Amino acid sequence: MAMMFSGCFVVFLSALFGPRRILLPAAAIFGLTSLLLPFAPNYWGMLALVVIAGLTSGTFYSLTMTFVLTTLPKRLIIFGIAAYAADIVFSSNIASAIQGWYAEHLSWHWIFWNAAVLMPLMIVCVYFGIPQRPIVGPRPSWRGFAYFSAGLSLVYGALDQGERLYWLNSGVIVGMLAGGFFLLLAAFVRRMLQPNPTLSLAFLNKRNIIILALSIFVFRFVHLATIVVVPGFLGNVQQYRALETGHALAWVAVPMFVVVWLVALVIIRTNSRLVLALGLATVAVGCWICAHVDTSWAGISFEAVELLLAVGFACSYVGLVGSIVLQGLESGALTSATNAATFSGFMHFIRLFGGQVGVAVMTHFIAAREKFHSNLLGLHVQAGSWLTDERIRMLTGGVLPGSAGAEEAQSRAVGILSQQIRAQAYTLATADGFILIGWMVVGYLMMMLFLQPGKISYKDLRSMQ
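Source: prediction; values computed, not measured.

J.: How should I be thinking about the overall build of the chain in this particular structure?
T.: Helix and strand counts for the chain stand at 17 helices and 0 strands. Out of the 465 residues in the chain, the part that is buried amounts to 46%. Within the chain, contacts between residues at least 6 apart in sequence are counted, and of these 83% link residues at least 24 apart. Of the accessible surface of the chain, which amounts to about 23,000 Å², a share of 69% is contributed by carbon and sulfur atoms.

J.: Is there a simple way to think about unusual backbone geometry in this case?
T.: Peptide bonds are trans in most cases, and residues, glycine excluded, mostly fall at negative phi. A positive phi angle, close to 65 degrees, is found at tyrosine 166, a residue other than glycine. Secondary-structure assignment places tyrosine 166 in the loop between α6 (142–161) and α7 (171–193).

J.: What exactly am I supposed to notice about the nonpolar core here?
T.: Ranked by internal contacts, the top residues of the largest apolar core, which has 76 residues, are Val222, Phe302, Leu320, Phe434, Ile437, Tyr444 and Tyr458. Examining the composition of this core, we find that 13 residues originate from one element, helix α13 (residues 303–331), more than from any other. Sequence-distant contacts of tyrosine 444, that is, excluding residues within four places in its chain, are made with Ile211, Leu212, Leu214, Ser215, Val218, Leu276 and Leu280. Ile22, Phe30, Phe67 and Met119 belong to the second largest nonpolar core, which has 14 residues in total.

J.: Please explain the pattern of salt bridges as it appears in this structure.
T.: Close approach of charged atoms allows side chains with opposite charge to pair. Across all of its chains, the model carries 2 salt bridges by this definition. Taking the shortest distance from any N to any O, the salt bridge between glutamate 370 and arginine 422 comes out at 3.8 Å. Here the residue glutamate 370 occupies a position in helix α14 (residues 337–379), and arginine 422 occupies one in helix α16 (residues 406–448), the gap between them amounting to 52 residues.

J.: Help me out: how do you make sense of the packing of helix α1 (residues 2–17) against α6 in this one?
T.: Geometrically, a packed helix pair is captured by the angle between its two axes and the distance between the axes. The interhelical angle for the contact between α1 and α6, taken along N-to-C directions, is 165 degrees, at an axis separation of 8 Å. Our classification of the angle between α1 and α6 gives roughly antiparallel. As for the relative orientation of α1 and α6, their crossing is right-handed in sense. For the pair formed by α1 and α6, the contact residues are Met4, Phe5, Cys8, Phe9, Val11 and Phe12 on the first element and Trp142, Phe145, Ala146, Phe148, Ser149, Ala150, Leu152, Ser153 and Tyr156 on the second. Classifying every residue of the contact of α1 with α6 gives 13 nonpolar, 2 polar and no charged.

Definitions and limits used
Residues numbered from 1 in each chain as written. Predicted model: local features only at pLDDT ≥ 70, side-chain atom pairs only at ≥ 80, totals over all residues. Heavy atoms only, no water. Helix = DSSP H or I, 4+ residues; strand = E, 2+ residues; numbered from the N terminus. Buried < 20%, exposed > 50% of the residue type's maximum accessible area, 1.4 Å probe, protein only. Contact = heavy atoms within 4.5 Å. Areas by Shrake-Rupley, 256 points an atom, 1.4 Å probe, with all protein chains shown as cover. Core = buried A, V, L, I, M, F, W, Y, C linked by side-chain atoms within 4.5 Å. Salt bridge = Lys/Arg side-chain N within 4 Å of Asp/Glu carboxyl O. Axes fitted to C-alpha atoms, helices over the stretch in contact; angles between N-to-C directions. Parallel < 35°, antiparallel > 145°, perpendicular 65-115°, else oblique. Left-handed = near helix turned anticlockwise from the far one by under 90°. Nonpolar A, V, L, I, M, F, W, Y, C, P; charged D, E, K, R; others polar.

So, in structure tokens, the structure goes:
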């Protein structure tokens with residue numbers, strides 16, 4: 001929630017102070033907070049430090065990529081996008097393995113200290129990489145940004161915790177949603193009564209901008225295949241520990257450092273929208289393969305399809321950001337500070353908030369489908385049925401040598417059968433999750449047919465000095 005707040009509110013701060021004056025202190029505070037987090041004396045102390053860490057780290061999401069795109073020579077923009085995509089794909093695949101290794105071989109403290117060790121390098125990069133520039137233009141108002149950012153944070157928190165607290169059956173969720181929507185309404189009313197000079201919402205009223213912005217949400221949703229669906233299956237069905245899950249996902253991270261640069265070269269010679277479509281289609285094919293999952297699948301069973309998905313993610317991410325940048329250049333997003341702030345803020349809003357919406361939808365979908373399949377399976381597993389009785393007798397005979405007697409063996413057999421039913425239900429729900437991702441891709445590819453033809457390409461930008 002803190003990252004959601006700062007990710008939006010930093011658009012106001014950037015217009016007031018500039019990115020350098022924000023990122024330097026934010027990096028220092030984040031590094032210090034990460035160093036102190038393991039030493040928190042109690043839960044509330046740790047929670048306060050986590051909020052501070054979220055507020056400071058959230059600034060990087062909105063400012064760093066925007067600075068790269070507005071500072072690099074136009075002929076090098078596509079390679080800046082490729083580097084950013086390499087970071088996204090690499091970190092999402094390697095993070096679980098690193099965290100699991102820290103927890104089992106060093107200490108859970110290093111999950112936080114990792115950031116504290118690397119943050120001085122980030123400060124050096126910001127200090128020498130982002131020059132100090134004078135701030136020109138009208139002074140923005142903080143109130144509208146504060147209302148909007150706080151409202152989004154509350155809705156974000158409700159989506160994140162909704163499945164755990166049974167959604168509208170929880171007063172906490174109802175209160176967060178009510179407060180969030182009230183603050184969003186307050187931000188809308190203030191926008192109507194006193195428009196902020198640093199934003200131009202009319203600039204976003206273009207078909208291509210809206211359709212391409214939705215590609216960010218679609219990418220975040222399909223990316224859940226490897227960061228939510230596969231880890232969930234391995235943890236719930238195969239009982240993988242965090243380190244084992246990390247090993248199953250991490251091996252595809254290294255090839256991505258090569259793939260993203262190849263994708264960038266392909267985009268220069270072809271079309272970024274075509275690469276985006278091909279990348280999403282590749283992900284859909286990978287999810288269709290994964291939809292045939294059964295309870296015998298383990299980490300090694302996903303390796304080939306994970307590589308296919310990783311290639312699809314690399315193509316789709318470089319393609320979508322490349323298409324958004326071209327659309328921004330074509331629409332004049334970089335011709336004024338107002339248009340640039342509006343365009344950047346909107347895209348980062350979709351990235352942060354849309355990602356959480358996708359997580360909430362997927363977790364609720366899998367939970368609901370697991371209950372559905374569990375009920376259907378339960379209809380065929382009833383006491384007195386000869387198939388059920390035969391299964392229990394087989395399991396009882398298997399566990400009898402390690403049990404105190406026949407009664408305990410039968411009780412253990414019933415427990416094992418229950419676990420097998422749950423594993424089968426979760427496996428079927430996992431397959432449904434992959435199918436949902438595939439249909440999401442199909443729907444968005446149909447939407448891409450309504451994109452208006454682009455007027456410039458990266459081949460044109462390469463000829464610019």
